[in-house]
Amino acid sequence: MAQISYTNDKQRIRALLEHIDSEFFPPISVQVGEMGAYLDRLLSEGKVVIGQDDTIDALFSYSIRDKTLECDTLWISPSKRSSPLLYRILEYVVKNEQGFEGPIQAKTWSSNSEMVDILKRLGFELKTAVEGDYVPERTTLVFETDSTRFRRYFR
């Protein structure tokens, strides 16, 4: 079972982001410019959680703004996409963000049907679509769910 933890290990996170860069549309490096500056922003304005066995199998970075937990980067390895790992990560984050009870928001692009399916399976609902986001040919889908979905009341 994958270990879930917060991390500030810039070297490992950057190596993963560079490795998965092309899996995003447009690639993260195109969206944000210099990867180091993006990583510095993720770590200074928010938190990064990883799920890992021998290698990092999932990365979830987020910030809390206006009582909404906003996902900045969400990636899960192809071999873990049908596993409960992402649910466990969200459960971990909700548990460790003391007093947080707002919504959780995640974005993906409209042609990323695999991530759309994952978000729907986790109980996220489509809230809005932003046409021409980042590049003219991209439509960003904004999903949201209630954080209580990931809270265990009887531990």
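Above this note sits the structure.
Source: prediction; values computed, not measured. (Residues numbered from 1 in each chain as written. Predicted model: local features only at pLDDT ≥ 70, side-chain atom pairs only at ≥ 80, totals over all residues. Heavy atoms only, no water.)

Caption draft 1: Seen up close, the overall build of the protein chain. Counting its regular elements, the protein chain contains 5 helices and 7 strands. Seen in sequence order, the protein chain has helices and strands lined up from the N terminus as β-α-α-α-β-β-β-α-β-α-β-β. At 15 Å, the protein chain has a C-alpha radius of gyration in line with the 15 Å of a compact globule built from 155 residues. The C-alpha extent of the protein chain, read off along each of the three principal axes, is 45 × 35 × 30 Å. Restricting the contact set of the protein chain to residue pairs at least 6 apart, pairs at least 24 apart contribute 60%. Entry remark: accessible area of the protein chain is about 8500 Å², with carbon and sulfur atoms responsible for 46%. Measuring between centres, the 20 positive side-chain charges of the protein chain sit 6 Å from its 24 negative side-chain charges. (Helix = DSSP H or I, 4+ residues; strand = E, 2+ residues; numbered from the N terminus. Rg over C-alpha atoms; globule rule 2.2 N^0.38 Å. Contact = heavy atoms within 4.5 Å. Areas by Shrake-Rupley, 256 points an atom, 1.4 Å probe, with all protein chains shown as cover. Lys, Arg positive; Asp, Glu negative; His and termini not counted. Charge placed at Lys NZ, Arg CZ, Asp CG, Glu CD.)

Caption draft 2: Highlighting the packing of aromatic side chains. Under the criterion given, the structure shown has 4 aromatic pairs. Ring geometry for Tyr6 and Tyr92: centres 5.4 Å apart, planes at 45 degrees, overall tilted. Of this pair, Tyr6 sits in strand β1 (residues 3–6) while Tyr92 sits in helix α4 (residues 85–96), placing them 86 residues apart in sequence. Measuring from ring centre to ring centre gives 5.1 Å for Tyr87 and Phe150, while their planes differ by 55 degrees; the resulting arrangement is tilted. Linking Tyr87 in helix α4 with Phe150 in the segment after β7 (139–146), this pair joins segments that are 63 residues apart in sequence. Take Phe150: its relative accessible area is 0%, and that puts it in the buried class. (Phe/Tyr/Trp six-rings, centres within 6.5 Å; stacked < 30°, edge-to-face > 60°. Buried < 20%, exposed > 50% of the residue type's maximum accessible area, 1.4 Å probe, protein only.)

Caption draft 3: Fine view of the sheet that holds strand β2 (residues 47–52). An order of β1-β2-β3-β4-β5-β7-β6 is seen for the 7 strands of this open sheet, with the pairing classed as mixed. In this open sheet, the two edge strands, each paired with only one partner strand, are β1 and β6 (125–131). Pairwise comparison of adjacent strand axes, ignoring direction, gives a mean angle of 25 degrees for this sheet. As paired elements, β1 and β2 share 4 bridges and run antiparallel to each other. Bridge pairing in β2 links Gln3 to Gln52. Running over the sheet, helix α1 (residues 10–20) touches β2, β3 (56–65) and β4 (68–76) and is turned about 105 degrees from β3. Running over the sheet, α4 touches β1, β2, β3, β4 and β5 (103–109) and is turned about 40 degrees from β1. (Pairing = 2+ DSSP bridges. Axes fitted to C-alpha atoms, helices over the stretch in contact; angles between N-to-C directions.)

Caption draft 4: Structural context of the side chain of Thr7. Within the secondary structure layout, Thr7 lies in the loop between β1 and α1. Of the polar contacts made by the side chain of Thr7, one reaches the backbone nitrogen of Asp9; its length is 3.1 Å. In this view, Thr7 contacts Ile13, Leu43, Val48 and Ile50; residues no more than four positions away in its chain are not counted. (Polar contact = N/O pair within 3.5 Å; in protein donor to acceptor, adjacent residues only side chain to side chain.)

Caption draft 5: Highlighting the nonpolar core. Judged by nonpolar contacts, the single largest core of 28 residues is most densely connected at Phe60, Ile89, Ile104 and Phe124. Going through the elements one at a time, β3, β4, α4, β5, α5 (113–121) and β7 are the ones with two or more residues in this core. The greatest single-element share of this core, amounting to 6 residues, is contributed by α4. With 17 residues, the next largest nonpolar core counts Ile13, Leu17, Ile20 and Ile50 among its residues. (Core = buried A, V, L, I, M, F, W, Y, C linked by side-chain atoms within 4.5 Å.)

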